[in-house]
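# Tertiary structure, described
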Amino acid sequence: MADTALTARQRSPLSAAAHRLAAATRSSKGAIRLAELPFLAQVNVRLDAKSPAADAVGLALGLQLPLEPNTVVHAGEVTAVWLGPDEWLVVGRRGTEGDLEGRIRSAAADEPVSVTDVSAQRTTLLVAGPRARDLLAHGCALDLHPRAFGPGRCAQTTLGRTQVVLVARDEPRAGFWVLVRSSFAGYLVDWLLDAAVEYR
């Protein structure tokens, strides 16, 4: 019997826009850098932050889950993003979602925990460069000054009327992650490219 398993190549929501993002980066002469970071592992975790499970999950991931609102913790290739008092988004490199989910469930043991692989729900845009904050400020109501939204900060907000999770990377030169739902990613890229015209 013939093998009927699906063998279609995985395609990112913004694969068709890669050349446009690269062109905007080149034409800005170093002012901004735009790129998709496709297929990052993303696991949503909900548990009691004061429970033994929170510490156990942190140990399993090699980091402490951030407890301060709108903060991010990194350890190696794993990032934990605070989404609420009992909710985090754990982000890792491509293909590690199963491993992350397994480690979290195993660490939580019998404690109440919700672990959901949401990797296919969003894609990630990198917005970096000396003018990255200015570009984002065109469509984001947050105060993005480094004193208010410096490295290690995050927020659920809107950018160009699109709901996103905005993450300021560890070093200022590393820029921002913009995590956007796949169904809105194309619109947001169009908005970013339109806003980036002034940096040509």
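The numbers attached to residues start from 1 for each chain and follow its sequence in the written order. In keeping with the predicted nature of the model, local features appear solely for residues at pLDDT of at least 70, side-chain atom pairs appear and are counted solely at 80 or more, and the whole-chain, interface and lining totals rest on all residues. Heavy atoms from the whole structure form the basis of all side-chain values; hydrogens and water molecules are not counted.

Put simply, DSSP marks the helices as runs of H or I at least four residues long and the strands as runs of E at least two long, and each gets a number from the N terminus on. Structurally, Arg169 can be placed in the loop between strand E9 (162-168) and strand E10 (176-181). Each residue's exposure class comes from its accessible area (1.4 Å probe, protein chains only) as a fraction of the maximum for that residue type: buried when under 20%, exposed when over 50%, partly exposed otherwise. Counted as positive: Lys and Arg. Counted as negative: Asp and Glu, with His and the chain ends omitted from the count. Counted as salt bridges are all cases of a side-chain nitrogen of Lys or Arg within 4 Å of a carboxyl oxygen of Asp or Glu. One buried charged residue, Arg169, remains without a salt bridge, the closest side chain of opposite sign being Asp170 at 6.1 Å.

The next point concerns the packing of aromatic side chains. How two aromatic rings sit relative to each other is given by the distance of their centres and the angle of their planes. Classification of ring pairs uses Phe, Tyr and Trp, with its six-membered ring standing for Trp, and accepts pairs whose centres are within 6.5 Å; under 30 degrees between planes counts as stacked, over 60 as edge-to-face, and the remaining range as tilted. Applying the stated criterion to the full structure yields one aromatic pair. Taking the centre distance of 6.4 Å and the plane angle of 15 degrees together, the rings of Phe149 and Phe176 count as stacked. With Phe149 in the loop between helix H4 (132-137) and strand E8 (154-159) and Phe176 in strand E10, this pair connects stretches of sequence that are 27 residues apart. On the basis of relative accessibility, which here comes to 5%, the residue Phe149 falls in the buried class. By relative accessible area, Phe176 is classed as buried at 3%.

Let us now look at the pairing of strand E4 (residues 78-84). Taking burial as the measure, the seven residues of E4 include seven buried ones, the bulk of the element. Sheet topology note: the strand E3 (residues 72-75)/E4 ladder contains four bridges and is antiparallel. The residue bridging His74 from the neighbouring strand is Thr79, located in E4. A strand pair is defined by DSSP finding two or more bridges across the two strands. Two successive antiparallel strands, E3 and E4, enclose a turn made up of two residues, where Gly76 displays a positive phi of approximately 60 degrees. In the sheet, E4 pairs with strand E5 (residues 87-92) via five bridges, with the strands oriented antiparallel. Each residue of the ladder has a partner; that of Gly84, found in E5, is Glu87.

Quick look at the packing of helix H1 (residues 18-27) against helix H5 (residues 182-195) now. The axes are straight lines fitted to the C-alpha atoms, using for helices just the contacting stretch, and the angles between their N-to-C directions are given from 0 to 180°. Following both chains from N to C, one finds H1 and H5 inclined at 20 degrees, their axes separated by 11 Å at the closest point. Taken together, the axis directions place H1 and H5 in an arrangement best described as roughly parallel. The two elements H1 and H5 cross, and the hand of that crossing is left-handed. Packed against H1, whose contacting residues are Arg20, Leu21 and Ala24, the element H5 presents Val189, Asp190 and Leu193 at the interface. Three classes are used, and their members are as follows: Ala, Val, Leu, Ile, Met, Phe, Trp, Tyr, Cys and Pro are nonpolar, Asp, Glu, Lys and Arg are charged, and the others, Gly among them, are polar. Residues of the contact of H1 with H5, tallied by class, amount to four nonpolar, no polar and two charged. What sets the label is the angle itself: under 35 degrees gives roughly parallel, over 145 gives roughly antiparallel, 65 to 115 gives roughly perpendicular, and the rest give oblique. Note: crossing handedness is left-handed where the near helix turns anticlockwise from the far helix by less than a right angle, and right-handed where it turns clockwise. We call two residues in contact when some of their heavy atoms are within 4.5 Å.

Let us now look at the nonpolar core. With 32 residues, the main nonpolar core has Leu125, Leu135, Leu136, Leu159, Val178, Leu188 and Leu192 as its most contacted residues. Counting only elements with at least two residues in this core, the list comes to H1, strand E7 (122-128), H4, E8, E9, E10 and H5. Broken down by element, this core gets its largest block of residues, seven residues, from H5. Setting aside anything within four residues of it in sequence, one finds Leu125 in contact with Leu14, Leu21, Ala35, Glu36, Phe176, Trp177, Val178, Val180, Leu188, Val189 and Leu192. Residues enter a nonpolar core if they are buried and are Ala, Val, Leu, Ile, Met, Phe, Trp, Tyr or Cys, with the set joined through side-chain atoms within 4.5 Å. Counting 19 residues, the second largest nonpolar core, distinct from the first, contains Ala41, Val45, Val57 and Val115.

Glancing now at the sheet that holds E3. Strand order in the open sheet formed by five strands is E3-E4-E5-E2-E6, with antiparallel pairing between adjacent strands. Each of the sheet's edge strands pairs with one partner strand only, and the pair in question is E3 and strand E6 (114-117). If you compare each strand with its neighbour and ignore which way they point, the axes differ by 20 degrees on average. In terms of strand pairing, strand E2 (residues 41-46) meets E5 through six bridges, oriented antiparallel. Each residue of the ladder has a partner; that of Val45, found in E5, is Trp88. In the packing of helix H3 (residues 97-108) onto the sheet, contacts are made with E2, E4, E5 and E6, and the angle to E2 comes to roughly 20 degrees.

One non-glycine residue, Lys29, lies in the positive phi region at around 55 degrees. Positionally, Lys29 belongs in the loop between H1 and strand E1 (33-37). Notably, Ala109 is not glycine yet its phi reads approximately 55 degrees, a positive angle. Mapping Ala109 onto the fold places it in the loop between H3 and E6.

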